[in-house]
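Commentary on secondary and tertiary structure
Below, each chain spelled out in residue letters.
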Amino acid sequence: MALLSLVPVGLKKLMRRLHELCVIEGLKINYKKTKVLVFGRRYVNHRWSMDNHQLEQTRVFKYLGVIFSDTLSWKTHLQYTKQSAIKTVGAILKFHRSTGGNLVTPALKIFEAKVIPQVLYGALIWGWDTKAISSLETIQTDFLRRLLNLPPGTSSAMLRAETGLPPLTTHIHLALLRFMRSTVHLQNKDLLNLYLTHSSTQKSWGARLENLLHRYHLTIHQFNTIGSDKKLREAVIHHSQYLDRLYLLNSRSAPWYWRFKTDHSRSPYLTTYMPSNLRFAFTSLRFFSLPNAEREGRIAKVPKEQRYCICGYQGVEDLPHILLDCPIYHNPRMNLTSRWPDLNESAQLPIKYYS
Ligand SMILES: [Zn+2]
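Here goes a summary of the coordinates provided. (Residues numbered from 1 in each chain as written. Predicted model: local features only at pLDDT ≥ 70, side-chain atom pairs only at ≥ 80, totals over all residues. Heavy atoms only, no water.)

Overview of the coordination of the zinc ion
Filter applied, for reference: Coordinating N, O and S atoms are those within 2.8 Å of the metal (3.2 Å for Na, K and Ca), and as water is not part of the atoms, a site may appear to have fewer donors than expected. Only four donors with every angle between 85 and 135 degrees are called tetrahedral; only four or six donors with opposite donors over 155 degrees apart and all others between 65 and 115 are called square planar or octahedral, in that order; all others are irregular. Numbered from the N terminus, helices here are DSSP runs of H or I no shorter than four residues, and strands are runs of E no shorter than two.
Taken together, C309 (SG), C311 (SG), H321 (NE2) and C326 (SG) make up the full set of protein donors to the zinc ion, lying 2.1 to 2.3 Å away. Here the zinc ion is ringed by four donor atoms whose angles at the metal span 102 to 115 degrees, and the overall shape comes out tetrahedral. Sequence positions of the donors to the zinc ion reduce to the motif C-x1-C-x9-H-x4-C. With C311 in the loop between α16 (293–300) and α17 (319–325) and C326 in the loop between α17 and α18 (330–338), this residue pair connects regions lying 15 residues apart in the sequence.

Focus on the nonpolar core
In globular proteins that are soluble, nonpolar side chains generally tend to be buried together. Let me state the cut-off plainly: The nonpolar core is taken to be a set of buried Ala, Val, Leu, Ile, Met, Phe, Trp, Tyr and Cys residues, with the residues joined through side-chain atoms within 4.5 Å. Three labels apply to residues, based on accessible area from a 1.4 Å probe with only protein chains included: buried if under 20% of the type maximum, exposed if over 50%, partly exposed otherwise in between. Only heavy atoms matter for contacts: two residues are in contact if any of them lie within 4.5 Å across the pair.
F111, V115, W126, L136, I139 and F143 are the most contacted members of the largest nonpolar core, which has 44 residues in total. At seven residues, the largest contribution of residues to this core is made by helix α3 (residues 104–120). Those residues within four positions of F111 in sequence are excluded, and the remaining contacts are V89, I92, I116, Q140, F143 and L165.

Overview of the sheet that holds strand β1 (residues 35–37)
Across a sheet, strands are paired by hydrogen bonds formed along the backbone, either parallel or antiparallel in direction. Applicable threshold: Strand pairing requires that DSSP identify at least two bridges connecting the strands. Structural elements are reduced to axes, namely lines fitted to C-alpha atoms, with helices fitted over the stretch in contact, and the angle between N-to-C directions of any two is expressed from 0 to 180 degrees.
Read across the sheet, three strands follow the order β1-β3-β2 without closing on themselves; strand pairing throughout is mixed. Every interior strand has two partners, whereas the edge strands, β1 and β2 (48–50), have only one. Each strand axis lies, on average, 40 degrees off the axis of its neighbour in the sheet, ignoring direction. For β2 and strand β3 (residues 53–58), the ladder comprises three bridges, and the chain directions are antiparallel. Pairing of W48 across the sheet is with L55, part of β3. Sitting on the sheet, helix α1 (residues 8–25) is in contact with β1, β2 and β3, with an inclination near 15 degrees to β2.

Let's talk about a nonpolar patch on the surface
Applicable threshold: The patch calculation keeps residues exceeding 30% relative accessible area without a salt bridge and links them within 9 Å when they carry like charges or within 5 Å when they are nonpolar (Val, Leu, Ile, Met, Phe, Trp, Tyr). A 1.4 Å probe and the Shrake-Rupley method give the accessible areas. Residues count as covered only by the protein chains that appear here. Only one rule defines a salt bridge in this text: a Lys or Arg side-chain nitrogen within 4 Å of an Asp or Glu carboxyl oxygen.
Among the surface-exposed residues, L6, V7 and V9 lie close enough to one another that they form a single nonpolar patch of about 370 Å² accessible area. As for its placement among the helices and strands, V9 is situated in helix α1. Exposure remark for V9: the relative accessible area of 63% places this residue in the exposed category.

Here we look at the packing of helix α7 (residues 156–163) against helix α12 (residues 229–249)
Heads up, the rule is: In these notes the angle categories are as follows: under 35 degrees is roughly parallel, over 145 is roughly antiparallel, 65 to 115 is roughly perpendicular, and the rest is oblique. Crossings are assigned a handedness: left-handed for a near helix turned anticlockwise from the far helix by less than a right angle, right-handed for a clockwise turn. Amino acids are sorted into nonpolar (Ala, Val, Leu, Ile, Met, Phe, Trp, Tyr, Cys and Pro), charged (Asp, Glu, Lys and Arg) and polar (every other residue, Gly among them).
Relative orientation of the contacting elements α7 and α12 amounts to 120 degrees, with a least axis distance of 9 Å. With respect to their mutual orientation, α7 and α12 come out oblique. Seen along the crossing, α7 lies across α12 with a hand that is left-handed. The residues of α12 that touch α7, namely those facing A157, M158, R160 and A161, are D244, Y247 and L248. Partitioned by chemical class, the residues of the contact of α7 with α12 number five nonpolar, no polar and two charged.

Some remarks on the pattern of salt bridges
Taken as a whole and judged by the stated rule, the model has 11 salt bridges. Between R160 and E137 there is a salt bridge, and its shortest N-O distance comes to 3.9 Å. On the criterion of sequence distance, the pair formed by R160 in helix α7 and E137 in helix α6 (residues 137–147) is long-range, its members being 23 residues apart. As a salt-bridge pair, R286 and E162 come within 2.6 Å of each other at their nearest N and O atoms. Taken as a pair, R286 in helix α15 (residues 276–286) and E162 in helix α7 lie far apart in primary sequence, 124 residues in all. On the basis of relative accessible area, R286 is assigned to the buried category, the value being 15%.

Details of unusual backbone geometry
You will see that L64, though not glycine, has its phi angle at about 50 degrees, which is positive. For L64, the location among the structural elements is in the loop between β4 (60–63) and β5 (66–69). Within the chain, H217 stands out as a residue other than glycine whose phi angle is a positive 55 degrees.

A word on α1
Spelled out, the test is: A helix is expected to reach a length of 1.5 Å times the quantity of its residues less one. Along the arc lie the directions from the helix axis toward the C-beta atoms.
Taking 1.5 Å per residue as the helical rise, α1 with its 18 residues ought to reach 26 Å, and the 26 Å between its terminal C-alpha atoms agrees with that figure. Where α1 is concerned, the buried positions are L11, M15, L18 and C22. Angularly, the buried residues of α1 cover 60 degrees about the axis, an arc narrow enough to put them on a single face. Residues of α1 that are exposed and point more than 90 degrees away from the buried face comprise V9, R16, R17, V23 and I24. Contacts made by the buried residues of α1 are with β1, β2 and β3. Looking at the residues trailing α1, positive phi occurs at G26, about 70 degrees.

Pasting the structure below:
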């Protein structure tokens with residue numbers, strides 16, 4: 001049970017009333033578990049008591065699974081959320097590598113069913129804190145990176161394009177937008193306009209909603225007239241995928257990626273069964289993270305002309321060199337291409353690539 005008041009006197013009055021009611025009804029209050037939380041920018045310690053029992057004034061309190069802090073910052077709650085989500089991610093990956101048989105689809109399904117709701121809990125209250133929620137994104141990025149066995153620093157946009165998952169922040173924004181939509185539709189159609197006309201400060205609800213819609217290139221009119229939650233979801237996810245694509249088109253770490261992956265759907269090779277070591281090798285090739293002198297030199301800041309291959313080739317050891325030219329891989333290359341006549345033919349053609 002929570003008693004709320006804007007002033008200390010009001011709360012003390014409520015506490016007295018509650019005590020009187022408990023006496024009449026024969027109920028006992030557990031004073032050890034009863035706490036007072038005072039919201040404000042500065043911490044002021046008050047004296048609180050009920051029926052001659054001193055009550056503790058705390059700075060954070062967990063109520064119905066959400067951790068409230070006296071400054072109304074959601075940092076503590078989000079840290080707690082992150083820690084518990086990371087624990088679940090650890091358990092999913094452990095399952096994936098043992099009983100899960102290294103299958104990607106079941107691991108992704110468990111992530112969507114367990115971790116996303118875990119992160120989203122209470123998002124309607126804390127989700128407006130744009131800066132704080134961006135820190136949650138690493139939960140999903142780290143999970144996908146470890147699931148696909150890719151090195152640290154792998155682009156989150158690429159991981160999302162490969163698996164078809166939208167960003168966690170988009171899920172949070174969708175929860176907020178759906179809530180705002182339901183408010184508009186349940187009560188008064190002009191309620192949204194009312195919010196907006198009273199949006200004098202940056203932090204008002206109207207301004208926050210406007211900022212959020214702007215992020216997904218939606219106008220208030222579109223938001224008001226969009227047919228269903230499903231359509232809203234499609235529009236928001238579509239725009240977040242567009243932003244990822246824009247990022248990938250200009251990404252220097254994987255210049256090839258967007259040439260063969262043109263949408264945000266789960267790549268078919270992830271859904272079929274294949275030995276995990278082969279899948280890992282294929283994924284690292286797609287993500288441009290197969291070990292090579294060009295990549296390692298870029299990370300270690302070695303001048304480009306010094307990123308040689310040990311075969312004696314007078315150029316940079318990059319992926320096209322390893323795959324198409326390098327004599328070290330001649331035998332495995334012939335072994336592969338000879339099994340695939342069409343590929344063998346195309347390998348004879350001069351291949352252009354961009355770096
Ligand atoms: Zn070589």
